[in-house]
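In case you want the letters, here they are:
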Amino acid sequence: MRLGRLTRSNPINRPLHRRSLSVTTIASPSSQHHRRRAPCNGTRNLNPKPLGFIEKLENESAIETLHGNLIKSGTIAHLDVGNFVLNGYVKFGILGVALKVFDEMPERDVRSWTILVSGCARAGLFGMGLRWFGMMVGEGVAPNGFTLSSAMKCCSGLVRVGRAVHGWIVMNGIGMDVVLENSVLDFYVKCGEIRRARRVFELMGVKNTITWNVMISGYVQDGDAESSLELFRRLPDKDTETWNTMISGLVHNGLERTALELLYKMVKVGVCFSDYTLSMALAVVSRLMLMELGRQIHAQMMRLEFFDNEFARSSLIDMYSKCNNVDKASCIFRRIPDNVPRRQNSMTDIFCLSAMVSGYVKSRRWKDAIEIFCNMVSKGIDVDKFTMTSIICSCADFGMLELGQQIHSLVLKRGHKLDAVLCSSMVDMYSKCGSLSDAYLMFNQLDDQNVFLWTSIICAFALHGREREAVQLFESMRSKGIPPNEVGAKLLELEPLDQQPYVLVSDLSIAGNKWEESAGLRHLMQKRGVRKQAGQSWTS
């Protein structure tokens, strides 16, 4: 595709190929769509409303029926009528038929092309949207601001293509309103081009709330909480969405205390809470374990009649579960069918069930956790890796090897990728259920073995009285350059009279310039009467 330059000497009603910008990642248009259609005389400015069109198309069958009637009457040839039908098919996501309608239109204008490009952008068909945009420019049709905004959305994740489209807009001197500038800004933010996004932001003459929210969220995604807070404080008029963006970003970056301060300030200035605000407030409370404040938010939800909101309600269940009040969480969860109709297998339903499983595991109520988990599996509800990990921990502490093996099979059957957390929980489960060989097999299945997985397997051998092998595993971990956490202390507990663990842990302390810890270990050896082998150095 080639994007031509729009200038006075290059009229927009003919193909633009002389001065062009090549975008190689967009496919070239077919000759079928390059044919110019003869205009249908007397139909260009026909408005569909006087013809008795329904303004609201209720469903797919309505647009299909309307389309059939228009074909019979011959009015489908009118430009405005064709655009109306085209927009109807795009609205319901029937893009295949929409393309046929577009191809059969005797005349097309900028609205016709824009409907297709924007429809592809909404449907996530970015490649197709860019191809139609290329065809549009190739036929000499000047895109409007809405077309260009949709084209920029189609460039999501395609940095070079997006830069090319942005450059084409600038090169052709197209006036950019705040909507189009926001689309360009959003493109750079989503591609992680924060410096370019900041330049676009600073050059914008007019900024609305969306502009500030996009730039703040960009800094949040980049992990730059300080810059996002600086922008937030600069914004004179903050709406609820701006506060939500900032609070969500702080929670995402682990700054729950700062997020809590903003929530208090939000109440002080009198900004209205949305369901999302309450959900984020509950997330802050659950991480900080402030259950009393959580109860106050619960009361606020009831007062504002947000309890029927699935998202806010699921956050409430999660808060009580994480604050060790699983009975209250269970009470809210079991009341849902009586008060609020729930969609079967909805994402919020899955989140609520997962929160309950996690809460029961944390409260060491293994039987209740396993009951909910088995109910989820029997109903075909998707179980995420976090819930799998929680229930495997239940099997480990409950000594249920058979159920643990079934869950292991379920993990493989559903195609969950084994990561260090899930793998270490399985190592722990097999170990505590008496199957050290299976635990060691699980350990060797993962290539990316971090300190947590090494800790699990070392403790597994220690649990089965295989102290020598545990020490050897510890030495192997050290040779791979993995810094230990609490494993060193565990090794000293395993063989308090063996000099090898002391030498290993001491070497690690010295390597990390922790001389006081090394001296403490030597003092502990003297106290326990452990002698270092003659000629063996404290350092590797």
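All of these numbers come straight from a predicted model, not from anything done at the bench.

S.K.: Help me understand the nonpolar core in this model?
M.R.: In summary, soluble globular proteins display a tendency toward joint burial of nonpolar side chains. Grouped together as the largest cluster of nonpolar side chains are 145 residues, with contacts concentrated most on Ile407 and Ile457. Among the elements that make up this core, the one with the highest residue count is helix H18 (residues 347-362) (8 residues). Those residues in contact with isoleucine 407 that lie beyond four places of it in its chain are Phe373, Met388, Ile391, Ile392 and Cys395.

S.K.: Is there a simple way to explain helix H11 (residues 225-234) in this structure?
M.R.: The periodicity of an α-helix, 3.6 residues per turn, causes residues three or four places apart in sequence to face the same way. Among the residues of H11, Ala225, Ser227, Ser228, Leu229, Leu231 and Phe232 are the ones counted as buried. Against the buried residues of H11 lie helix H9 (194-203), helix H10 (209-221), helix H12 (240-252) and helix H13 (256-269).

S.K.: Any chance you could explain the confidence of the model for the chain here in plain terms?
M.R.: Low pLDDT means the predicted coordinates in that region are not meant to be read closely. Per-residue confidence for the chain averages 78 on the pLDDT scale, and 76% of its residues sit at or above 70. Low pLDDT (under 50) marks residues 494-498, which in the prediction has 15 contacts with non-local residues, meaning those over four places away or in another chain.

S.K.: Explain the packing of helix H20 (residues 385-398) against helix H22 (residues 420-432) here, please?
M.R.: Two quantities define a packed helix pair, namely the angle between the axes and the distance from one axis to the other. Remark: H20 packs on H22, axes separated minimally by 8 Å, with the N-to-C direction vectors making an angle of 15°. When the axis of H20 is compared with that of H22, the two are roughly parallel. Handedness of the H20/H22 crossing: left-handed. For the pair H20 and H22, the contacting residues are Lys385, Met388, Thr389, Ile392, Cys393, Cys395, Ala396 and Asp397 in the first and Val421, Leu422, Ser425, Met426, Asp428, Met429 and Lys432 in the second.

S.K.: When you look at helix H4 (residues 110-123) in this model, what are you seeing that I'm missing?
M.R.: When the terminal C-alpha atoms of H4 are compared, their 20 Å separation across 14 residues agrees well with the 20 Å that a helix rising 1.5 Å per residue should span. Ser112, Trp113, Thr114, Ile115, Leu116, Val117, Ser118, Gly119, Cys120 and Ala121 are the residues of H4 that are buried. Looking at the buried residues of H4, the elements they touch are helix H2 (79-91), helix H3 (95-104), helix H5 (126-138) and helix H6 (145-154). Of the residues one or two after H4, glycine 124 is the one with positive phi, at around 80°.

S.K.: What is the right way to read the pattern of salt bridges from this model?
M.R.: Pairing between side chains of opposite charge can happen when their charged atoms approach one another. Applying the stated rule across the entire model yields 17 salt bridges. Note that arginine 111 is salt-bridged to aspartate 109, the shortest N-O span being 2.8 Å. Overall, arginine 111 belongs to the partly exposed group, its relative accessible area being 38%. By relative accessible area, which is 10% here, aspartate 109 ends up buried. Arginine 295 is the partner of glutamate 292 in a salt bridge, and the nearest nitrogen-oxygen pair spans 3.1 Å. Placement of both glutamate 292 and arginine 295 in helix H15 (residues 291-303) is noted, with a separation of 3 residues, approximately one turn of the helix. One network of salt bridges, with partners in common, ties together Arg198, Glu202, Glu230 and Arg234.

Conventions we followed
- Residues numbered from 1 in each chain as written.
- Predicted model: local features only at pLDDT ≥ 70, side-chain atom pairs only at ≥ 80, totals over all residues.
- Heavy atoms only, no water.
- Core = buried A, V, L, I, M, F, W, Y, C linked by side-chain atoms within 4.5 Å.
- Buried < 20%, exposed > 50% of the residue type's maximum accessible area, 1.4 Å probe, protein only.
- Helix = DSSP H or I, 4+ residues; strand = E, 2+ residues; numbered from the N terminus.
- Contact = heavy atoms within 4.5 Å.
- pLDDT = per-residue confidence, 0-100.
- Axes fitted to C-alpha atoms, helices over the stretch in contact; angles between N-to-C directions.
- Parallel < 35°, antiparallel > 145°, perpendicular 65-115°, else oblique.
- Left-handed = near helix turned anticlockwise from the far one by under 90°.
- Expected span 1.5 Å × (residues − 1).
- Salt bridge = Lys/Arg side-chain N within 4 Å of Asp/Glu carboxyl O.

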